[in-house]
Amino acid sequence: MKTMRRLIYGEVIRSVGFVTCGFLALFFFFDFVAEVQSVGRHYAQGYRLVHALAYVTLMVPSHLYELMPIAVLIGTIFVMARLAQSSEYTILRTSGLDPWRALKTLLTLGLAFVALTFALGDYLSPIADRTAQLLKVRYTGRITVGQTGAWLKEKQTYGQFAVNVGELTADGNLKGIRIFEFDNRGLLRAMTLAESAVIAETEAWELQRAQRTEFPDQDQPTAEVTRSKLDTLHWPNRISADMVSAALLKPERMSTYDLFQYIQHLQNNAQSAQRYEIEFWKKVFYPLSCLVMVVLALPFAYLHFRSGSITTYVFGGVMAGISFFLMNNVFGYMGNLQNWQPWLTAALPGMIYTLISLTAFGWLVLRR
């Protein structure tokens with residue numbers, strides 16, 4: 001059995017590696033072509049070809065994380081179909097490789113791909129993607145969300161704060177700060193505008209060149225609005241740099257732990273976290289897609305054909321894998337719109353395709 005496992009593992013790993021390198025080369029080329037246009041547009045600010053090349057290279061881990069399940073599917077289907085075409089799989093079956101042992105062998109290999117995908121998505125990809133974004137913003141401008149920036153909410157014992165951050169600079173500082181302070185009755189109590197801010201390590205922001213406007217209480221109609229200008233203003237809060245980055249960057253680029261922290265922050269401040277909860281559970285279940293892919297590929301080993309090309313079978317498997325990812329995205333949008341349970345929204349596509357794969361596998365085994 002060790003010889004059989006060594007044969008299958010070696011063939012699958014080589015095939016998956018080849019497919020992955022091909023896809024990465026393709027994405028690298030497309031990204032580099034897109035960045036070359038930015039080099040000409042932002043040349044005056046120092047964004048050169050070497051920076052574009054570094055940016056595209058730093059995006060490779062994110063592409064690798066996204067491509068791992070589909071590469072596992074294509075590589076495993078190719079190996080299973082080729083073994084079936086050359087009758088090698090028939091020899092393996094007569095040597096003691098029964099269907100359930102074959103399934104167990106592929107699932108064991110699939111677990112290794114799951115671990116690799118998890119490590120890419122939770123450790124390497126977020127760090128590389130954040131570094132790439134900060135590298136690009138250093139030479140080309142800023143990180144913003146839409147026309148108004150990112151909005152956050154902070155709840156404290158004596159009131160609530162609505163915070164607007166216009167930009168995130170390359171060194172991690174904030175620009176274009178607007179802070180609206182409300183009392184416990186929801187009435188606007190003060191407004192603070194600041195050109196920039198530095199997030200301190202003591203759960204506070206150091207606002208630079210701030211303008212503060214305080215509004216009188218409705219119980220004191222004769223009081224006047226007071227305005228003041230300050231070079232620096234210390235504002236204690238629990239909004240960390242990671243939370244600001246989470247609001248400015250795409251949630252799918254964040255690690256599972258950062259998403260969990262951001263969800264807790266939104267829930268503690270009575271904000272909707274449905275979108276981020278779905279992304280959190282998709283991050284949890286996404287590496288397990290590799291197991292779904294190897295189960296989906298196993299039935300191809302039982303398609304006994306001796307003539308013809310395996311291209312059609314590989315193409316059919318690729319279409320099945322693409323449909324899985326399309327369904328995964330569609331269920332994410334539907335779950336967000338229909339307010340479905342986040343974990344069920346993320347897990348349902350994998351459950352459906354696993355059931356289909358096992359059904360096809362069982363039917364082929366009983367039929368053959």
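As the structure is a prediction and not an experimental result, all values here were calculated from the model.

Looking at this structure, how should I read the overall build of the protein chain?
From N to C terminus, the protein chain includes 11 helices and 6 strands. Buried residues in the protein chain amount to 45% of all 368 residues. The contacts in the protein chain between residues at least 6 apart in sequence include a share of 66% that link residues at least 24 apart. Here the protein chain displays about 19,300 Å² of accessible surface, and carbon together with sulfur accounts for 61% of that area.

Please explain the side chain of Thr117 as it appears in this structure.
You can see Thr117 is positioned in helix α5 (residues 99–140). Classification of Thr117 as buried rests on a relative accessible area of 0%. Here Phe113 takes part through its backbone oxygen, which lies 2.7 Å from a polar atom of the side chain of Thr117. With residues near it in sequence (within four places) discarded, Thr117 still touches Tyr65, Met68, Tyr286, Pro287 and Cys290.

Is there a simple way to explain the packing of aromatic side chains in this structure?
Two numbers describe a pair of aromatic rings. These are the distance of the centres and the angle of the planes. Across all of its chains, the model carries 11 aromatic pairs by this definition. Ring geometry for Tyr65 and Tyr286: centres 4.9 Å apart, planes at 50 degrees, overall tilted. On the criterion of sequence distance, the pair formed by Tyr65 in helix α3 (residues 60–85) and Tyr286 in the loop between α8 (274–285) and α9 (289–297) is long-range, its members being 221 residues apart. Judged on exposure class, the residue Tyr65 and its partner Tyr286 are both buried. Taken together, the ring pairs in this structure connect Phe260, Phe280, Trp281 and Phe285 into an aromatic cluster.

Help me out: how do you make sense of a positive patch on the surface in this one?
Taken together, the side chains of Lys2, Arg5, Arg6 and Lys104 define a basic patch exposed on the protein surface. Top element by residues in the positive patch is helix α1 (residues 2–41). It accounts for 3 residues. Topologically, Arg6 is positioned in helix α1. Overall, Arg6 belongs to the exposed group, its relative accessible area being 56%.

Looking at this model, I keep getting lost on the sheet that holds strand β3 (residues 174–182). Mind explaining?
Consider a sheet: its strands pair through backbone hydrogen bonds, and that pairing is either parallel or antiparallel. An order of β1-β2-β3-β4-β5-β6 is seen for the 6 strands of this open sheet, with the pairing classed as antiparallel. Here the strands that pair on one side only, and so sit at the sheet edges, are β1 (150–156) and β6 (226–236). Taken pair by pair, the neighbouring strands of this sheet meet at an average axis angle of 25 degrees, ignoring direction. Judged from the 10 bridges that link them, strand β4 (residues 188–200) and strand β5 (residues 204–214) form a sheet pairing that is antiparallel.

Looking at this model, I keep getting lost on the pairing of β5. Mind explaining?
Strand residues, when the strand is regular, have side chains that alternate between the two faces of the sheet. The pairing of β5 with β6 spans 10 bridges and is antiparallel. Considered in β6, the bridge of Thr213 is made with Arg227.

Honestly, the nonpolar core in this entry has me stumped. Any pointers?
In a soluble, globular protein the nonpolar side chains are often hidden away together inside. Formed by 49 residues in total, the largest nonpolar core has its most connected members in Val72, Met80, Tyr89, Phe113, Leu298 and Tyr302. Mapped onto this core, the elements with two or more residues apiece are α1, α3, α4 (88–94), α5, α9, α10 (311–338) and α11 (342–367). With 13 residues, α3 is the single largest residue contributor to this core. If you look at the next biggest cluster of nonpolar residues, it comprises 25 residues, including Leu152, Leu174, Ile177 and Ala194.

I tried to follow α10 on my own but got confused; where do I start?
Along an α-helix, a turn takes 3.6 residues, which lines up residues three or four apart on a common side. When the terminal C-alpha atoms of α10 are compared, their 40 Å separation across 28 residues agrees well with the 40 Å that a helix rising 1.5 Å per residue should span. Inspection of α10 places Val314, Gly317, Val318, Gly321, Phe324, Phe325, Asn328, Phe331, Gly332 and Gly335 among the buried residues, and these make up the whole buried set. Backbone geometry just after α10 places Asn339 at a positive phi near 60 degrees.

Would you explain the packing of α3 against α9 in this entry?
Think of two packed helices as two axes; the pair is described by the angle between the axes and how far apart they sit. Running from amino to carboxyl end, α3 crosses α9 at an angle of 20 degrees, the nearest separation of the two axes being 8 Å. With respect to α9, the element α3 is oriented roughly parallel. In terms of crossing hand, the pair formed by α3 and α9 is right-handed. Residues Pro69, Val72, Leu73, Thr76, Ile77 and Met80 of α3 pack against Ser289, Cys290, Met293, Val294, Leu296 and Ala297 of α9.

Looking at this structure, I do not really get the environment of Ala194. What am I missing?
As for its position among the elements, Ala194 is in strand β4. Distance from Ala194 to Lys175, taken between C-alpha atoms, is 7.7 Å for residues 19 residues apart in sequence. Those residues in contact with Ala194 that sit more than four places away from it in its chain are Gly176, Ile177, Leu207, Gln208, Arg209 and Ala210.

Help me understand unusual backbone geometry in this model?
Working note: non-glycine residues mostly have negative phi, and peptide bonds are mostly trans. Even without being glycine, Arg209 reaches a positive phi, approximately 50 degrees. Relative to the elements of secondary structure, Arg209 occurs in strand β5. The exposure class assigned to Arg209 is partly exposed, which follows from its relative accessible area of 47%. The phi torsion at Asn339 lies on the positive side, around 60 degrees, for a residue other than glycine. Along the chain, the position of Asn339 falls in the loop between α10 and α11. Overall, Asn339 belongs to the exposed group, its relative accessible area being 56%.

Honestly, the packing of helix α7 (residues 256–268) against α8 in this entry has me stumped. Any pointers?
Where α7 contacts α8, the two axes come as close as 10 Å, and the packing angle between them is 155 degrees. For the element pair α7 / α8, the angle class is roughly antiparallel. For the pair α7 and α8, the crossing hand works out as left-handed. Listed contacts from α8 to Thr256, Leu259, Phe260, Tyr262, Ile263, Leu266 and Gln267 of α7 are Tyr276, Glu277, Glu279, Phe280, Lys283 and Val284. Taken together, the residues of the contact of α7 with α8 sort by class into 8 nonpolar, 2 polar and 3 charged.

Here is what the cut-offs are and how they apply
- Each residue is numbered by its place in its chain's sequence as written, counting from 1.
- The predicted origin of the model limits local features to residues at a pLDDT of at least 70 and limits the giving and counting of side-chain atom pairs to 80 or more, whereas totals for whole chains, interfaces and linings rest on all residues.
- Processing note: side-chain calculations cover all non-hydrogen atoms of the structure and skip hydrogens and water entirely.
- Going along the chain from the N terminus, every DSSP run of H or I of four or more residues is numbered as a helix, and every run of E of two or more is numbered as a strand.
- Three exposure classes are used, based on accessible area relative to the maximum for each residue type with a 1.4 Å probe and protein chains only: buried under 20%, partly exposed in between, and exposed over 50%.
- Note on contacts: a residue pair qualifies if any of its non-hydrogen atoms lie within 4.5 Å across the two residues.
- For accessible areas, the Shrake-Rupley method is used with a probe of radius 1.4 Å. Any residue's cover is judged against the shown protein chains and nothing else.
- Pairs of N or O atoms are called polar contacts if they sit within 3.5 Å, as long as, within protein, a hydrogen donor faces a hydrogen acceptor (for residues adjacent in sequence, only side-chain-to-side-chain pairs).
- Pairing of aromatic side chains requires ring centres within 6.5 Å, counting the rings of Phe and Tyr and the six-membered ring of Trp. Pairs whose planes differ by under 30 degrees are stacked, by over 60 edge-to-face, and all others tilted.
- For patch detection, residues must exceed 30% relative accessible area and be free of salt bridges, and they are connected within 9 Å for like charges or within 5 Å for nonpolar side chains (Val, Leu, Ile, Met, Phe, Trp, Tyr).
- We define a salt bridge as a contact between a side-chain nitrogen of Lys or Arg and a carboxyl oxygen of Asp or Glu at a distance within 4 Å.
- Counting rule applied: Lys, Arg positive; Asp, Glu negative; His and chain ends not counted.
- One atom stands in for each charge, and that atom is NZ of Lys, CZ of Arg, CG of Asp or CD of Glu.
- Pairing between strands requires that DSSP locate at least two bridges from one strand to the other.
- Each axis is a line fitted through C-alpha atoms, and for a helix only the stretch in contact is used; angles between axes span 0 to 180 degrees, taken between their N-to-C directions.
- Nonpolar cores are built from buried Ala, Val, Leu, Ile, Met, Phe, Trp, Tyr and Cys residues. Side-chain atoms within 4.5 Å join them into one set.
- Here a helix's expected span is defined as the number of its residues, less one, multiplied by 1.5 Å.
- An angle below 35 degrees is treated as roughly parallel, one above 145 as roughly antiparallel, one from 65 to 115 as roughly perpendicular, and anything else as oblique.
- Definitions for this section: a left-handed crossing has its near helix turned counterclockwise from the far helix by less than a right angle. A right-handed crossing has that turn clockwise.
- Amino acids are sorted into nonpolar (Ala, Val, Leu, Ile, Met, Phe, Trp, Tyr, Cys and Pro), charged (Asp, Glu, Lys and Arg) and polar (every other residue, Gly among them).

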